[in-house]
Amino acid sequence: MHRRQILKILVASGVISVPGFLLAQNSKPAQITIIYDAFGKPSDLGRGWGYAALIEYGGKRILFDTGGQYKVFAENVKKLKINLKKLDFVVLSHRHGDHTSGLQFVLEQNPKVQFYAPTEPGSFGNPINGASPLGKLISRKVDDVPHDLHYFDGKYEDKYKVDSAWPTANITLIDKPTEIMPGFYLFKTISENKGTMELNELSLAIKTPKGLAVIVGCSHPGIEKILAVASEIDPKIYTLAGGLHLVDVSDQQITQIVSNFKNKWGIERVAAGHCSGEFAQAEFSRSYGDKHDHSGVGEIILLPK
């Protein structure tokens, strides 16, 4: 019998009052705990370049990314007393090592946990489609080439299998906005920016009473591109947490983006992390004041219930 059903029976029998029932219902954590990042208040937690966070909301526990160093991630998980055996699912925002290096530790603790990652040819076990640009290059047969230099002996296929770097991981690939659980959405965007061209990235959106809580990994496609897709799920975005990839953007552009957060997107709170950059942090503090949630390693960011 579920906990909620037991509480209802206790209310009906008079063992607990209705206020007590409501209190019990509202006692579930609604927060984001930063497990891995390169900054934060003085503590015994390790720091490193990358990102990882535990999201607890509506009775669900979601790990978002796994940091950039196996050992630092594992030690921080232990110091924060986070039980990785009790996870509803894990989000891998994208293929970069500063977001996936602790994945093996997750598997050691919870080998059957469900992972979600973005579809991307050749990444996370996603095959290369023969009709894709790369697939067409592989399948281009040139008659003059010596026979032993033909790919696959000249017998080309519709798909070319590429194994995941974590062959035992239960990874489901996400290509379009998907409601994974009631109120929990995953959606993909694709980078068109120099250096990460065609990189696919997955973001998480959670419906709260005040609007969406959006969690991002590195925002390689561009944070406003991500917000545009999130706003199709719900036009009201309450808060945003994670790496905004503003560290290599001009100060003038950052100032405009921060202004857009408030005036275009109507975002009420921000918890900028990882690759957001120090100038962006200063601009968010100036613009948002105490609604700029400091999100260094070990911080807990509260979400509306």
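Rules and cut-offs
- Residues numbered from 1 in each chain as written.
- Predicted model: local features only at pLDDT ≥ 70, side-chain atom pairs only at ≥ 80, totals over all residues.
- Heavy atoms only, no water.
- Pairing = 2+ DSSP bridges.
- Helix = DSSP H or I, 4+ residues; strand = E, 2+ residues; numbered from the N terminus.
- Axes fitted to C-alpha atoms, helices over the stretch in contact; angles between N-to-C directions.
- Contact = heavy atoms within 4.5 Å.
- Left-handed = near helix turned anticlockwise from the far one by under 90°.
- Nonpolar A, V, L, I, M, F, W, Y, C, P; charged D, E, K, R; others polar.
- Buried < 20%, exposed > 50% of the residue type's maximum accessible area, 1.4 Å probe, protein only.
- Arc of directions from axis to C-beta.

**Q** Can you walk me through the sheet that holds strand S5 (residues 114–118) in this structure?
**A** Pairing between the strands of a sheet is mediated by backbone hydrogen bonds and can be parallel or antiparallel. Taken in spatial order, the seven strands make up an open sheet running S8-S5-S4-S3-S2-S1-S15, and their pairing is mixed. In this open sheet, the two strands that pair with only one neighbour each are strand S8 (170–174) and strand S15 (300–302). Here the average twist between neighbouring strands, direction ignored, is 25 degrees. Relative to S5, strand S4 (residues 89–91) runs parallel, the two sharing two bridges. Bridging across to S5, Val91 finds its partner in Tyr116. Running at roughly 135 degrees to strand S1 (residues 31–36), helix H3 (residues 70–79) makes contact with S1, strand S2 (52–57) and strand S3 (60–64) of the sheet.

**Q** Before we go on, may I ask you to explain the packing of helix H8 (residues 251–263) against helix H9 (residues 278–288) in this structure?
**A** Packed helix pairs are specified by the crossing angle of their axes together with the interaxial distance, meaning the distance between the axes. Taken N-terminus to C-terminus, the directions of H8 and H9 make an angle of 40 degrees; their axes are 10 Å apart at the nearest point. With respect to the hand of their crossing, H8 and H9 are arranged in right-handed fashion. The segment H8 lies against H9, with Asp251, Ile254, Thr255, Val258, Phe261 and Lys262 engaging Phe279, Ala280, Glu283, Phe284, Arg286, Ser287 and Tyr288. When the residues that make up the contact of H8 with H9 are grouped by side-chain class, the tally is seven nonpolar, two polar and four charged.

**Q** Mind showing me how you'd approach the environment of Asp144 here?
**A** Mapped onto the elements, Asp144 comes out in the loop between helix H6 (133–138) and strand S7 (159–160). Taking the relative accessible area as the measure of exposure, Asp144 reaches 75% and is therefore exposed.

**Q** How should I be thinking about H9 in this particular structure?
**A** The α-helix winds at 3.6 residues per turn, so residues separated by three or four positions along the chain end up facing the same way. All buried positions along H9 are accounted for by Ala280, Gln281, Glu283, Phe284 and Tyr288. Looking down the long axis of H9, one finds its buried residues gathered within 165 degrees of arc, a one-sided arrangement. Looking at H9, the residues exposed on the side facing more than 90 degrees away from the buried face are Glu278 and Arg286. Along its buried surface, H9 packs onto H8 and strand S14 (269–273).

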